[in-house]
Amino acid sequence: MKRWVLVVVPVVVGVALAAGGLWWLKFERQPPTGELVAAKGSLGQRAAFAVAVHAPKSPGLHSVRVALRTASAAFPLAEKNYGPGPLLGGGVRDDVLRVHADLGKLGVPEGNAEIEVLVETNGWRLSGEGPTVVVQHPVVVDVTPPQVAVLSTQHNIRLGGASVAVFRAAGAEQAEIVVGPYAFPATRGIFADADAWVGVFAVPQDVDPATRVSVRATDGVGNAREVGVPVSIKTRRFPDRVLALSETFLQQKVPEIYAANALAAPADLVQGYLFINRDMRKQSEERLRALTASSVPRPLWDGPFLRQPNAAPMSAFADRRAYEYRGAIIDRQTHLGYDLASLRHADVIATQNGIVLLADNLGIYGNTVVLDHGLGVFSLYGHLSAITVQKGQTVKAGEVVGQTGETGLAGGDHLHFSIMVGGSHVDPVEWWDPGWIRDHVAARFALLPAAPAAGGGEAPAKLPPPGATEARPSVIPGEGHPGV
Ligand SMILES: [Zn+2]
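Residues numbered from 1 in each chain as written. Predicted model: local features only at pLDDT ≥ 70, side-chain atom pairs only at ≥ 80, totals over all residues. Heavy atoms only, no water.

Undergrad: I'd love a proper account of the overall build of the protein chain, names of residues and values included.
TA: Helix and strand counts for the protein chain come out as 6 helices and 32 strands. On C-alpha atoms alone, the protein chain measures out to a radius of gyration of 33 Å, which is more than a quarter above the 23 Å that the 2.2 N^0.38 rule sets for 484 residues. Dimensions of the protein chain, computed from the C-alpha atoms along their principal axes, are close to 120 × 60 × 40 Å. Relative to its 484 residues, the protein chain shows a buried fraction of 49%. Looking at the protein chain alone, contacts between residues at least 24 apart form 71% of all its contacts between residues at least 6 apart. Working note: accessible area of the protein chain is about 22500 Å², and carbon and sulfur atoms make up 56% of it. (Helix = DSSP H or I, 4+ residues; strand = E, 2+ residues; numbered from the N terminus. Rg over C-alpha atoms; globule rule 2.2 N^0.38 Å. Buried < 20%, exposed > 50% of the residue type's maximum accessible area, 1.4 Å probe, protein only. Contact = heavy atoms within 4.5 Å. Areas by Shrake-Rupley, 256 points an atom, 1.4 Å probe, with all protein chains shown as cover.)

Structure, rendered in structure tokens:
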């Protein structure tokens, strides 16, 4: 072997290894790639999507730029720079960029466009300069919100009451009535006009009477328009009541309610009572709100809602209750229902046609039945001694759903009755009143021709027969009734 071979071979091998190492560490051995995550074919005013980028065979990402390219211009939507990266590998090779852009503010014209994603790595390349185009995704830009016109008028609503709004929202996919912090979903498909919507909404007893009420309609790409609903909210004063809590009541009820809710008995009865009256009350309301988040998309009711026969009101809606124990006020709560008493274990009837949503124990309400009457209107029957219906069952107005009792936070046999609109308790007196149903509910459904009945569905709300009026129940103060 010649001497020069001994020199040249290691040099060649060394150079080759160095070149290979350099190639491995410093070069972009494969162009970067990318894809859109959850991207649709169109973009609304507020574009929101994500971009995933990958540069596995490179020293790492240098920059990612996302733009919207139209025939005449390019609008930058997002950009991220990663810097030169470490000297020997270890750069960012995979990343996800979330893009949130206001296309209206950017002045992007409506029509065809393309989402373009450009990626540059920190790798050296043998040929070609500049970034690699990893995504070219055609989209349609649509930044026009739905057209909204409110058709119903004269929404005269008492605080704690309800109303029905009818409106046209061309191009909307979703619509709701917004009342301060509350939103009540609206429904379409009730009227022959495919763009006509109806929404039952509440003005909950705890909102400011100056609260603005509006319709918010949103199209399929998130463009939203909010239009005011003409309302006149009549304020009212809810009665104040003091409920005396006796030792016997606490000794009997606190352990009973703890046991019914699978809780270990509390060491202190008053603390146990406060837990029930505050925390369990809140939990029960949260459960009700979740339970009533969706409803049958058509009215199942027909005319006014029935009152329990021969039942005397013990306590009215939204009483402000103070709880007295040993001469001191230990708690305050609002009574979000109506207490009715007649005979012990009296039959409780469904106030209207509906579907049983709950037939179970529900915290402070004890054994409870909740019915869905459609379009976000629900009724609740609490403190029952027996439940005679099952979840999912269809019931007719007047059908027995159970018997009164004193389960849950009730100090005597009575029915706690509540009407809820989209999870908010409202004054049931309105729904019992044929005149109110006629003017505030049925008249609204009569504003537009109804859609042809879709295969044997329930009839929509009808006008009550003329002259069918029922006296509004008067509230008798009664004795202290430490119930829900
Ligand atoms: Zn009650």
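Undergrad: Help me get a handle on the side chain of S58, residues and values and all.
TA: You can see S58 is positioned in the loop between β3 (46-54) and β4 (61-69). We classify S58 as buried; its relative accessible area is 1%. Reaching out from S58, the side chain makes a polar contact with the backbone nitrogen of G60 at a distance of 3.0 Å. (Polar contact = N/O pair within 3.5 Å; in protein donor to acceptor, adjacent residues only side chain to side chain.)

Undergrad: Account for the sheet that holds strand β13 (residues 182-185), with residues named and values stated.
TA: A sheet is described by the order of its strands in space; here 4 strands give the open sequence β13-β12-β16-β17, paired in antiparallel fashion. Among the strands making up the open sheet, the edge pair consists of β13 and β17 (224-228). Each neighbouring strand pair of the sheet contributes to a mean axis angle of 25°, computed without reference to strand direction. Summarising the sheet, strand β16 (residues 213-218) and β17 pair through 5 bridges and their orientation is antiparallel. Along β17, the bridge assignment pairs A217 with R225. (Pairing = 2+ DSSP bridges. Axes fitted to C-alpha atoms, helices over the stretch in contact; angles between N-to-C directions.)

Undergrad: Lay out the environment of V207 in plain terms, naming residues and giving numbers.
TA: Summarising the element assignment, V207 is placed in the loop between β15 (196-202) and β16. As a C-alpha pair, V207 and P181 span 26 residues in sequence and 8.5 Å in three-dimensional space.

Undergrad: Pulling in residues and values, what's your account of the nonpolar core?
TA: In this structure, F167, I177, F201, Y381 and W431 are the most contacted members of the largest nonpolar core, which totals 66 residues. Not counting chain neighbours up to four residues away, the residues in contact with F167 comprise V148, A149, V150, L151, A175, I177, A186, D195, A196, W197 and V215. One finds F75, A78, Y82 and V143 within the second-largest nonpolar core, a separate group that totals 29 residues. (Core = buried A, V, L, I, M, F, W, Y, C linked by side-chain atoms within 4.5 Å.)

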